[in-house]
Amino acid sequence: NKNERKNLIDFFKGCSKSITPFTGKATSSTYSLNYVESWLNSFERQTRHYELTTQQKCEAFEEYMQAETPAKIFVDRIYIQRVIQNGEWNKLKKEFEKEFVPSDKADRLWDQLNDFKQKEKESVTELYHRLHDLNNSFHQLDNPMTEHHMMKTYIRALSHYIQTDVKIKKPDSLREAYEI
């Protein structure tokens, strides 16, 4: 389809600066969870923005694996090439995480959740998106947060003054808490 091809070309043009090639190089004896997660979240956000099909996501993913690195070796495997050719994005993503995400990912995610706070000079919008990214990571472990848990986490993470205003209004959902 000509329109789908245009979306893929626009994706590569528009993302050349916002997504760097993935190297998959190890930091110490394991891969950095933050590096892998932030790269994958950034990649997925951009593919949604450019409305890529699952087949196009797989093709674009392959292009972003930097040559002569563990990441390129990963995508060059026969099994992974078959997954890419079949456009099986969820399977590709799962194999990618199995290869590059540390085995103690769940423990690290729970630590991140427990320490989740609004950063200095971070807007409520940035905090909201960061919470969704964290929940996506839990979702990849088949353990997403409930809406109620996300709302409570979001409110707890807000700076003290904003938190007080939000609690007074007693929101019923994360969206309501965010919009206050």
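For the structure, see preceding data.
My aim in this report is to walk through the structure given alongside it, one point at a time. (Residues numbered from 1 in each chain as written. Predicted model: local features only at pLDDT ≥ 70, side-chain atom pairs only at ≥ 80, totals over all residues. Heavy atoms only, no water.)

**Overview of the overall build of the chain**
At step 1: Helix and strand content of the chain: 11 helices and 0 strands.
At step 2: In sequence order, the chain lays out its α and β elements as α-α-α-α-α-α-α-α-α-α-α.
At step 3: Relative to its 180 residues, the chain shows a buried fraction of 42%.
At step 4: Split by element, the accessible area of the chain, about 10800 Å² in all, is 49% carbon and sulfur. (Helix = DSSP H or I, 4+ residues; strand = E, 2+ residues; numbered from the N terminus. Buried < 20%, exposed > 50% of the residue type's maximum accessible area, 1.4 Å probe, protein only. Areas by Shrake-Rupley, 256 points an atom, 1.4 Å probe, with all protein chains shown as cover.)

**Section: the packing of helix H7 (residues 105-114) against helix H8 (residues 124-140)**
At step 1: Remark: H7 packs on H8, axes separated minimally by 11 Å, with the N-to-C direction vectors making an angle of 150 degrees. Put simply, H7 runs roughly antiparallel to H8. As H7 runs across H8, the sense of the crossing is left-handed. Of the residues in H8, those in contact with Lys105, Leu109, Trp110, Gln112 and Leu113 of H7 are Leu134, Ser137, Phe138 and Gln140.
At step 2: Its residues assigned to classes, the contact of H7 with H8 shows 5 nonpolar, 3 polar and 1 charged. (Axes fitted to C-alpha atoms, helices over the stretch in contact; angles between N-to-C directions. Parallel < 35°, antiparallel > 145°, perpendicular 65-115°, else oblique. Left-handed = near helix turned anticlockwise from the far one by under 90°. Contact = heavy atoms within 4.5 Å. Nonpolar A, V, L, I, M, F, W, Y, C, P; charged D, E, K, R; others polar.)

**Observations regarding the side chain of glutamine 118**
At step 1: The topology assignment puts glutamine 118 in the loop between H7 and H8.
At step 2: Within the structure, the side chain of glutamine 118 is placed 2.8 Å from the backbone nitrogen of serine 159, a separation counted as a polar contact.
At step 3: Excluding anything up to four places from it in sequence, glutamine 118 contacts Ser123, Val124, Leu127, Arg130, Ala157, Leu158, Ser159 and Ile162. (Polar contact = N/O pair within 3.5 Å; in protein donor to acceptor, adjacent residues only side chain to side chain.)

**Digging into the pattern of salt bridges**
At step 1: All told, the structure shown has 7 salt bridges when counted by the stated rule.
At step 2: Lysine 93 is the partner of glutamate 44 in a salt bridge, and the nearest nitrogen-oxygen pair spans 3.0 Å. Of this pair, glutamate 44 sits in helix H2 (residues 33-49) while lysine 93 sits in helix H6 (residues 89-100), placing them 49 residues apart in sequence.
At step 3: By relative accessible area, glutamate 44 is classed as buried at 10%.
At step 4: Across the pair aspartate 133 and arginine 45 runs a salt bridge whose closest N-O atoms are separated by 3.1 Å. Taken together, the residues span a long stretch of sequence, with aspartate 133 in helix H8 and arginine 45 in helix H2 at a distance of 88 residues. (Salt bridge = Lys/Arg side-chain N within 4 Å of Asp/Glu carboxyl O.)

**A closer look at unusual backbone geometry**
Among all residues save glycine, negative phi is the norm, and among peptide bonds the norm is trans.
At step 1: One non-glycine residue, glutamate 51, lies in the positive phi region at around 55 degrees.
At step 2: Tracing the chain through its elements places glutamate 51 in the loop between H2 and helix H3 (54-63).
At step 3: Residue classification places glutamate 51 among the exposed residues on the basis of a relative accessible area of 60%.
At step 4: Despite not being glycine, lysine 170 has its phi angle at roughly 45 degrees, a positive value.
At step 5: Summarising the element assignment, lysine 170 is placed in the loop between helix H10 (160-169) and helix H11 (174-179).

**Here's the deal with the packing of aromatic side chains**
At step 1: Applying the stated criterion across every chain, the model contains 14 aromatic pairs.
At step 2: With 4.8 Å between their ring centres and 65 degrees between their planes, tryptophan 110 and phenylalanine 138 make a pair best called edge-to-face. With tryptophan 110 in helix H7 and phenylalanine 138 in helix H8, this pair connects stretches of sequence that are 28 residues apart.
At step 3: Using a relative accessible area of 1% as the deciding quantity, one classes phenylalanine 138 as buried.
At step 4: Feature note: the residues Phe22, Trp39, Phe43, Phe61, Tyr64, Phe74, Trp89 and Phe96 constitute an aromatic cluster, connected by ring pairs. (Phe/Tyr/Trp six-rings, centres within 6.5 Å; stacked < 30°, edge-to-face > 60°.)

Worth remembering: the numbers are spatial, not functional.
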